[in-house]
Amino acid sequence: FFSCILFAIMTEGWKEMAKKVVGIKVVRDYRPKGKTVSIVTFCQGLADPDDPAERDRTLDALQTYVEKLPDYSEKTLRAIWRGLWMCHWHSDKPLVQLDCATRISKLVQNIPREKEPNTGISKPMLWLAGWWVQSVQEWGKLDFYRIDKYLTLVRLMLYESFCVLKEETTTIADRTLFERAILSVFTANTSGIACQLSDIWLDEAKHAGLPRKLLTRSLVIFIRWLAEHYYTNQVLVGRVWKSVFNRRLFKQQGIYYDHDIFMELVNAERQAVAAGKLGSRSEEWFKKLTKLLEQCEPKKRKAEKMARAGEVEVRVKTKKQFTGDDEDFGYCAKYGVAAPKKRKGKQLTEQEKKGQERNKLIKQNNPKQFKKDKYIDFKNAKFDSDDD
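In this numbering scheme, every chain counts its residues from 1 along its sequence in written order. Under the rules for a predicted model, residues below a pLDDT of 70 receive no local features and side-chain atom pairs below 80 are neither given nor counted, while totals for whole chains, interfaces and linings still include all residues. To obtain the side-chain values, all non-hydrogen atoms of the structure were included, while hydrogens and water were left out.

Re helix α8 (residues 172–187)
Thinking step 1. The helix count covers DSSP runs of H or I at least four residues long, the strand count covers runs of E at least two residues long, and both are numbered beginning at the N terminus. A helix is expected to span 1.5 Å for every residue after the first. Over its 16 residues, α8 extends 22 Å from the first C-alpha to the last, a length consistent with the 22 Å expected when each residue adds 1.5 Å.
Thinking step 2. Accessibility here uses a 1.4 Å probe with only protein chains present; expressed as a share of the type maximum, an area under 20% marks a residue as buried, one over 50% as exposed, and anything in between as partly exposed. Along α8, the residues classified as buried are D174, F178, E179, A181, I182, V185 and F186. Within α8, the buried residues cover an arc of 160 degrees as seen down the axis, which keeps them to one side. Facing away from the buried side of α8 by more than 90 degrees, the exposed set consists of I172 and R180. Directions drawn from the helix axis to the C-beta atoms are what define this arc.

Rendered as structure tokens:
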């Protein structure tokens, strides 16, 4: 008994000593020095699963480190985005997740607006392209409970991408890299990101203040993908058609897209398909798109086309006005109101007709029970022999 008590006291003392000796946590130093901090150190701090304070401290230090990042190669960007992906993976609770996603998306604002000497592409666009490549690689490893917070990060990263696209320093090479990065998301087996992008594309472009010409040129991504995968992925094709082309883009004409530039893009794609530069494409998709464009074409453009063709007067079909008859006392003819259409009566079966006739006979035989008067004066009522 005494040996058990002595052993318990010794173990408690050894536990306290172990905390002082063995349990010392290694604190990484991210302060700027003469020697630059390695990327491995940042990735270890971002992916720390046990200490949220360590992840926050690393994320704060990464804002200044990104400004002086020496190398923007694919290997370096993939390592950094792997650490940022795991940093968002370990964040819990909705407000913490939103804060983490916001800080990750705003890292692109600290990157200098310069061109990479090896590729000739701006550094912010290379940074954003690294994110889209990383999201494609890691999306299949997500579980059900972490999808929502990564969809929020996709929305914020798309907003920052549009903000970079509208800058004056952005070149045509940067836009083509952005188009290829988004097209890789659609071609890969990542339907979750593709559906999210198609749903939020117009909304985030409007919030970022993207000009109409740039927005119209960015739609070439959807045109190419739909022409190539028109028969393969019917679910995603219907989602893109409903959210981008059919529901929002063409119903609000002149607000979201430039009609002339869009027609140039469609014709250029069709010519490239005919020349064999883009491989196999669906001709039915182009026919469907041109038909929609003709239906949703603004009225001014239709009038200009008819004037060029020699038809100055625009013929508009009008409904025949109701001249009126004896029953409406001539009001329809006077005020030009169309008469309401007469509804066809419901065709009754023989059993229903017999039921109606039987109800009429019952009302005729018992008129007191089916009186329309709701209130009866009983003072002057006459009673029969049975006082009824």
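Thoughts on the pattern of salt bridges
As a working rule, side chains carrying opposite charge can pair if their charged atoms are close by.
Thinking step 1. Note on definitions: salt bridges are taken to be side-chain nitrogens of Lys or Arg within 4 Å of carboxyl oxygens of Asp or Glu. As enumerated under the stated definition, the model contains twelve salt bridges in all.
Thinking step 2. One salt bridge in this structure joins E54 and R57, with 3.4 Å as the shortest N-O distance. Here the residue E54 and the residue R57 both occupy positions in helix α3 (residues 52–67), the gap between them amounting to three residues, near one helical turn.
Thinking step 3. Classification of R57 as partly exposed rests on a relative accessible area of 33%.
Thinking step 4. Between K123 and E114 there is a salt bridge, with its nearest N and O atoms 3.4 Å apart.
Thinking step 5. By relative accessible area, E114 is classed as partly exposed at 44%.
Thinking step 6. When salt bridges that share partners are traced, they join D56, D60, D99 and R103 into one network.

Considerations on the side chain of T76
Thinking step 1. For T76, the position within the fold is in helix α4 (residues 74–89).
Thinking step 2. According to the relative accessible area criterion, T76 is buried, its value standing at 10%.
Thinking step 3. Within the structure, T76 has its side chain in polar contact with the side chain of S73 (distance 3.1 Å).
Thinking step 4. For T76, the contacting residues outside a window of four places in its chain are I39 and D71. Counted as a polar contact is a pair of N or O atoms within 3.5 Å, where, for protein atoms, one must be capable of donating a hydrogen and the other of accepting one, and residues adjacent in sequence contribute only when both atoms are in side chains. It only takes one pair of heavy atoms within 4.5 Å for two residues to be counted as in contact.

Some words on the nonpolar core
Thinking step 1. Counting 81 residues, the largest nonpolar core has L84, W127, W132, W201, F245 and W285 as its most contacted members.
Thinking step 2. For this core, the element with the highest residue contribution is helix α7 (residues 147–165), accounting for ten residues.
Thinking step 3. Each residue touching L84, except ones within four places of it in the same chain, is listed here: L46, L59, L62, I104, L107 and W127. Buried Ala, Val, Leu, Ile, Met, Phe, Trp, Tyr and Cys residues form a nonpolar core when they are joined through side-chain atoms within 4.5 Å.

Focus: unusual backbone geometry
A negative phi angle is the norm for most residues apart from glycine, just as the trans form is the norm for most peptide bonds.
Thinking step 1. In this structure, K93 is a non-glycine residue whose phi angle is positive, near 70 degrees.
Thinking step 2. As for its position among the elements, K93 is in the loop between α4 and α5 (94–105).
Thinking step 3. Given a relative accessible area of 62%, K93 falls into the exposed group.

Looking at the packing of helix α2 (residues 39–46) against α3
Thinking step 1. Interaxial angles span 0 to 180 degrees and are taken between N-to-C directions of axes, which are lines fitted to C-alpha atoms, for helices over the stretch in contact. Contact geometry of α2 with α3 gives a least axis separation of 8 Å together with a crossing angle of 145 degrees. Residue-level inspection shows I39, F42, G45 and L46 of α2 in contact with α3, the latter providing E54, R55, T58, L59, A61, L62 and Y65.

Notes on the packing of aromatic side chains
Thinking step 1. Any two rings among Phe, Tyr and Trp, with Trp reduced to its six-membered ring, count as a pair given centres within 6.5 Å; such a pair is stacked if its planes are under 30 degrees apart, edge-to-face if over 60, and tilted if neither. According to the stated counting rule, one finds 16 aromatic pairs in the structure shown.
Thinking step 2. An angle of 55 degrees between the planes, with centres 5.6 Å apart, marks the rings of F186 and W225 as tilted. Here F186 is found in helix α8, whereas its partner W225 is found in helix α11 (residues 220–228), with 39 residues between them in sequence.
Thinking step 3. Aromatic pair F222 and F245: ring centres 6.5 Å apart, planes at 85 degrees, arrangement edge-to-face. In this pair, F222 is assigned in helix α11 and F245 in helix α12 (residues 234–249), connecting sequence segments 23 residues apart.
Thinking step 4. Of the residues examined, F222 reaches a relative accessible area of 1% and is grouped as buried.
Thinking step 5. Grouping aromatic residues by their ring pairs yields a cluster made of F162, F178, F186, W201, F222, W225, W241, F245 and F262.

Considerations on the confidence of the model for the protein
Thinking step 1. For the protein, the average pLDDT comes to 75, and 66% of its residues sit at 70 or higher.
Thinking step 2. Within the model, the stretch residues 5–27 combines pLDDT values under 50 with five contacts to residues more than four positions away or in other chains.
Thinking step 3. Confidence scores labelled pLDDT are given residue by residue by the predictor and lie between 0 and 100. Between residues 312–329, whose pLDDT stays under 50, and residues either more than four places distant or in other chains, the model counts 14 contacts.

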